[in-house]
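So the chains spell out like this:
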Amino acid sequence: MEQQKLYQLTTDALARAIDGDMDGAATAIVEIGQNSADGFDVFAACCGFAEAARQAMVKLNGGDPADPDRGGGWAVRPVDDEDQVDAPLLFARRFIIAYANDDQPTALALWRAALLASHAEYVASVASLLATAARLANEAARR
């Protein structure tokens, strides 16, 4: 897919999700998937969603702990019983954190694991990532 078209569809999906139009967001994501020559356009869109989430987290936390000068990184808050959290939500949280920490190998491995799951779980994982990014962006905008 042409880079400009991918960028347009990715930002359209994110904007629609932020506005609460998940049907419109889904339409944009489906178009990305259907027009991707190698499948990696969906990964690129996921990275775009994760970047929006990272920027929101920076605003919400007053800085970027993954900044080497601060000596840390982002972490997922532990869940009491991860077995009770649905897999798409775990994917979204872990993907965003891997991306925010500039851990491309882990982000790619998470995406590939979602891709190799059932089609329904893959779709739910990408949708959960987008919804999580939109929720964080909305929360950051309110502050």
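Residues numbered from 1 in each chain as written. Predicted model: local features only at pLDDT ≥ 70, side-chain atom pairs only at ≥ 80, totals over all residues. Heavy atoms only, no water.

A.B. asks: How should the pattern of salt bridges be read in this particular structure?
C.D. replies: A pair can form between side chains of opposite charge whenever their charged atoms are brought close. All told, the structure shown has 6 salt bridges when counted by the stated rule. Among the salt bridges present, the one from arginine 16 reaches aspartate 21, with a minimum N-O distance of 2.9 Å. What makes arginine 16 partly exposed here is its relative accessible area of 33%. One salt bridge in this structure joins arginine 135 and glutamate 139, with 3.6 Å as the shortest N-O distance. Here glutamate 139 and arginine 135 lie together in helix 6 (residues 119-142), a separation of 4 residues that amounts to about one turn. For arginine 135, a relative accessible area of 47% corresponds to the partly exposed category. Taking the relative accessible area as the measure of exposure, glutamate 139 reaches 24% and is therefore partly exposed. Via salt bridges that share partners, Asp12, Arg16 and Asp21 belong to a single interconnected network. (Salt bridge = Lys/Arg side-chain N within 4 Å of Asp/Glu carboxyl O. Buried < 20%, exposed > 50% of the residue type's maximum accessible area, 1.4 Å probe, protein only. Helix = DSSP H or I, 4+ residues; strand = E, 2+ residues; numbered from the N terminus.)

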